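What follows is each chain in one-letter form.
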Amino acid sequence: MSLNCQKALVFGYTSKKGIEELLRQVNLIKGDRIINSFLDIGSGDGQAVNYVKELSDIERCVGIEIQKHWHETAIKKYPHLELYHDDIANRPEFIKEFDVIYMNNIMFTNELFWWCFDNMKEGTIVINNKQTISLALKRKGYEIKDFVMQANCMSKETSICVK
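Residues numbered from 1 in each chain as written. Predicted model: local features only at pLDDT ≥ 70, side-chain atom pairs only at ≥ 80, totals over all residues. Heavy atoms only, no water.

## Quick look at helix H2 (residues 47-55)
Okay, so step 1: Taken as a whole, H2 has its buried residues at Gln47, Ala48, Val49, Asn50, Tyr51 and Val52.
Okay, so step 2: Here the buried face of H2 lies against helix H1 (16-29), strand S1 (37-41), strand S2 (60-65), helix H3 (68-77) and strand S4 (100-103). (Buried < 20%, exposed > 50% of the residue type's maximum accessible area, 1.4 Å probe, protein only. Helix = DSSP H or I, 4+ residues; strand = E, 2+ residues; numbered from the N terminus. Contact = heavy atoms within 4.5 Å.)

Below, the structure is given as structure tokens:
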């Protein structure tokens, strides 16, 4: 199956303030879950992964980026981080390893989101900023919490839920 990940080749920055809010929302929704791992799909220059590592006690913070330029930029800026240059569609087993998955790209196709969602383990905390996905998750019975997050020098509505 082709997930046409090339359509998601858009880059944006998530601010430190935005990651602080993201982590606050994760702490509100996690309940008694222990959060040991965070995956940023479409990690760009690694900034969001670095902020999560810096601001939280999450042991394993990982980024995966399909664009070579952004991946190379990230590993130069943050050589201490676990960063991969790959298409997430090549790593279905990878998705199952993480407690929190951040998909901050409005250009991700719905097909790509649902493929990732289907490969996540139960209990994974999912963060995305596509309102069509959030509405579909609500219709499927998932409890969605919307919050505003700073990214790209503006605020945007973001959603969080537990699979």
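## What about the environment of His71?
Okay, so step 1: Relative to the helices and strands, His71 resides in helix H3.
Okay, so step 2: Discounting residues that sit within four places of it in the chain, His71 has contacts with Gly44, Glu65, Leu83, Tyr84 and His85.

## A look at the packing of H1 against H2
Okay, so step 1: Relative orientation of the contacting elements H1 and H2 amounts to 60°, with a least axis distance of 10 Å. Relative to H2, H1 is oriented oblique. Considering how the two elements wind past one another, H1 and H2 form a crossing that is right-handed. On the side of H1, the interface is formed by Lys16, Ile19, Glu20 and Leu23, while H2 contributes Ala48, Tyr51, Val52, Glu54 and Leu55.
Okay, so step 2: Split into classes, the residues belonging to the contact of H1 with H2 amount to 6 nonpolar, no polar and 3 charged. (Axes fitted to C-alpha atoms, helices over the stretch in contact; angles between N-to-C directions. Parallel < 35°, antiparallel > 145°, perpendicular 65-115°, else oblique. Left-handed = near helix turned anticlockwise from the far one by under 90°. Nonpolar A, V, L, I, M, F, W, Y, C, P; charged D, E, K, R; others polar.)

## Quick look at the packing of aromatic side chains
Okay, so step 1: If you walk through the whole model with that rule in mind, you get 7 aromatic pairs.
Okay, so step 2: Arranged with centres 5.8 Å apart and planes meeting at 20°, the rings of Phe113 and Phe117 form a pair that is stacked. Residue Phe113 and its partner Phe117 are both found in helix H5 (residues 110-119); the two are separated by 4 residues, about one turn of the helix. Exposure class is identical for Phe113 and Phe117. Each is buried.
Okay, so step 3: An aromatic cluster is defined as three or more aromatic residues linked by ring pairs; in this entry it consists of Phe113, Trp114, Phe117 and Tyr142.
Okay, so step 4: Across from the ring centre of Phe94, 5.1 Å away, lies the NZ or CZ of Arg91, which sits over that ring.
Okay, so step 5: Cation over ring: Lys140 sits above Trp114, and NZ or CZ is 4.8 Å from the ring centre. (Phe/Tyr/Trp six-rings, centres within 6.5 Å; stacked < 30°, edge-to-face > 60°. Lys NZ or Arg CZ within 6 Å of the ring centre and 35° of its normal.)

## Focus: the pattern of salt bridges
Okay, so step 1: Across all of its chains, the model carries 9 salt bridges by this definition.
Okay, so step 2: When the shortest N-O distance is used, the salt bridge between Asp45 and Lys77 registers 2.8 Å. One end of the pair, Asp45, is in the loop between S1 and H2; the other, Lys77, is in helix H3, with 32 residues separating them in the sequence.
Okay, so step 3: Its relative accessible area of 3% is what places Asp45 among the buried residues.
Okay, so step 4: With its nearest N and O atoms 2.6 Å apart, the salt bridge here joins Arg60 to Glu97. Linking Arg60 in strand S2 with Glu97 in the loop between helix H4 (92-95) and S4, this pair joins segments that are 37 residues apart in sequence.
Okay, so step 5: Given the relative accessible area of 25%, Arg60 is considered partly exposed.
Okay, so step 6: The network of salt bridges with shared partners includes Arg60, Glu82 and Glu97. (Salt bridge = Lys/Arg side-chain N within 4 Å of Asp/Glu carboxyl O.)

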